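Analysis of the macromolecular model
This is what each chain is made of:
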Amino acid sequence: TAERCELALVCEELGLKQQALAHWKALVSREDLTARDARDGAIALQRLREFETAVLFLKRVPQAVWSTFSEEELVASGGLAQSYGEEDLALGLFRAALQKAPESGRVWLGVALYYYGMGNESKAYECMRTAVQYGAAPLIEEDAAVADIFLRLMQRFAPRKGIR
């Protein structure tokens with residue numbers, strides 16, 4: 001499988017998207033897929049915007065390998081896993097991101113959106129506040145949907161000054 005993964009990566013580098021996708025898709029169900037190849041496939045398929053297959057690869061990446069993902073890859077993978085109904089996988093990836101970068105506003109924002117998606121709005125609000133403390137305000141402002149979520153959470157959970 002290593003040669004096929006290398007070939008898929010080379011095809012992607014050369015801009016041969018369809019060939020790269022074909023190589024990755026041929027690998028996803030292979031029994032001899034290594035943890036490293038599963039990781040590389042999950043990340044490459046996200047870059048190639050082939051999200052459903054990327055999730056299949058993510059499910060094959062052992063937790064011990066998550067530490068080799070970058071902070072951004074962990075957050076993106078967590079969000080992707082959640083969007084495909086893989087909540088436990090998503091939570092694990094977000095936790096790994098927090099271990100790697102506990103003072104990252106981007107990571108805390110991802111965790112906040114995870115909890116919001118799970119219906120735990122109070123936890124989402126706590127995480128959103130932490131995200132802002134660690135500099136995520138510009139990320140919130142640049143995405144209208146995220147800004148709307150943040151405002152709704154603030155209206156619901158922020159302490160009101162001057163009200164008895």
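Here is a short report on the structure shown in this document.

Another aspect to go through is the overall build of the protein chain. Scanning the protein chain from N- to C-terminus turns up 10 helices and zero strands. Ordering the α and β elements of the protein chain from the N terminus gives α-α-α-α-α-α-α-α-α-α. Dimensions of the protein chain, computed from the C-alpha atoms along their principal axes, are close to 70 × 30 × 25 Å. Sorting the 164 residues of the protein chain into buried and exposed places 46% on the buried side. In the protein chain, the proportion of contacts linking residues at least 24 apart, taken out of those at least 6 apart, comes to 54%. Here the protein chain contributes 20 positive and 23 negative side-chain charges, whose respective centroids are spaced 6 Å apart.

Our focus in this paragraph is the environment of Thr 1. Inspection of the secondary structure puts Thr 1 in the segment before α1 (2-13). Overall, the relative accessible area of 17% leaves Thr 1 in the buried class. Sequence separation between Thr 1 and Gly 105 is 104 residues; the distance between their C-alpha atoms is 37 Å.

A word on the pattern of salt bridges. What the rule picks out here adds up to eight salt bridges. Linking Glu 50 and Lys 25 is a salt bridge whose minimum nitrogen-to-oxygen distance equals 3.4 Å. One end of the pair, Glu 50, is in the loop between α3 (35-47) and α4 (51-58); the other, Lys 25, is in helix α2 (residues 17-27), and 25 residues separate them in sequence. By relative accessible area, Lys 25 is classed as partly exposed at 41%. Overlapping salt bridges, with partners in common, bring together Arg 39, Asp 40 and Glu 73 in one network.

One pass over the structure, following the stated rule, counts four aromatic pairs. For the ring pair Trp 24 and Phe 57, a centre distance of 5.7 Å and an interplane angle of 90 degrees mean the geometry is edge-to-face. Taken together, the residues span a long stretch of sequence, with Trp 24 in helix α2 and Phe 57 in helix α4 at a distance of 33 residues. Take Trp 24 and Phe 57: they sit in the same class, and that class is buried. For the pair Phe 94 and Tyr 114, a centre-to-centre distance of 5.8 Å together with 55 degrees between the ring planes defines the contact as tilted. Here the residue Phe 94 occupies a position in helix α6 (residues 87-100), and Tyr 114 occupies one in helix α7 (residues 105-117), the gap between them amounting to 20 residues. Just as Phe 94 is buried, Tyr 114 falls in that class too. Here the aromatic cluster, defined as three or more aromatic residues joined through ring pairs, consists of Phe 94, Tyr 114 and Tyr 115. The positively charged end of Arg 39 is found above the aromatic ring belonging to Phe 69, 5.4 Å away from the centroid.

About the cut-offs
Once a new chain begins, its residue numbering starts again from 1 and follows that chain's sequence as written. Totals for whole chains, interfaces and linings use all residues, but because this is a predicted model, local features are given only for residues with pLDDT of at least 70 and pairs of side-chain atoms are given and counted only at 80 or more. Side-chain measures were taken over the full set of non-hydrogen atoms in the model, leaving aside hydrogen atoms and water. The secondary structure listing takes helices from DSSP runs of H or I that are at least 4 residues long and strands from runs of E that are at least 2 residues long, numbered from the N terminus. Only protein chains enter the accessibility calculation, which uses a 1.4 Å probe; a residue is then buried when its area is under 20% of its type maximum, exposed when over 50%, and partly exposed in between. Contacts are assigned to residue pairs that have any heavy atoms within 4.5 Å of one another. Neither His nor the chain ends contribute to the count of charged residues, in which Lys and Arg are positive and Asp and Glu negative. Working definition for charges: the position is that of NZ of Lys, CZ of Arg, CG of Asp or CD of Glu. Take a side-chain nitrogen of Lys or Arg and a carboxyl oxygen of Asp or Glu: if they are within 4 Å of each other, that pair is a salt bridge. Each Phe, Tyr or Trp ring (for Trp, its six-membered ring) is paired with any other whose centre lies within 6.5 Å, and the angle between the two planes then decides the class: stacked below 30 degrees, edge-to-face above 60, tilted in between. The criterion for a charge sitting over a ring is simple: Lys NZ or Arg CZ within 6 Å of the ring centre, and within 35 degrees of the ring normal.

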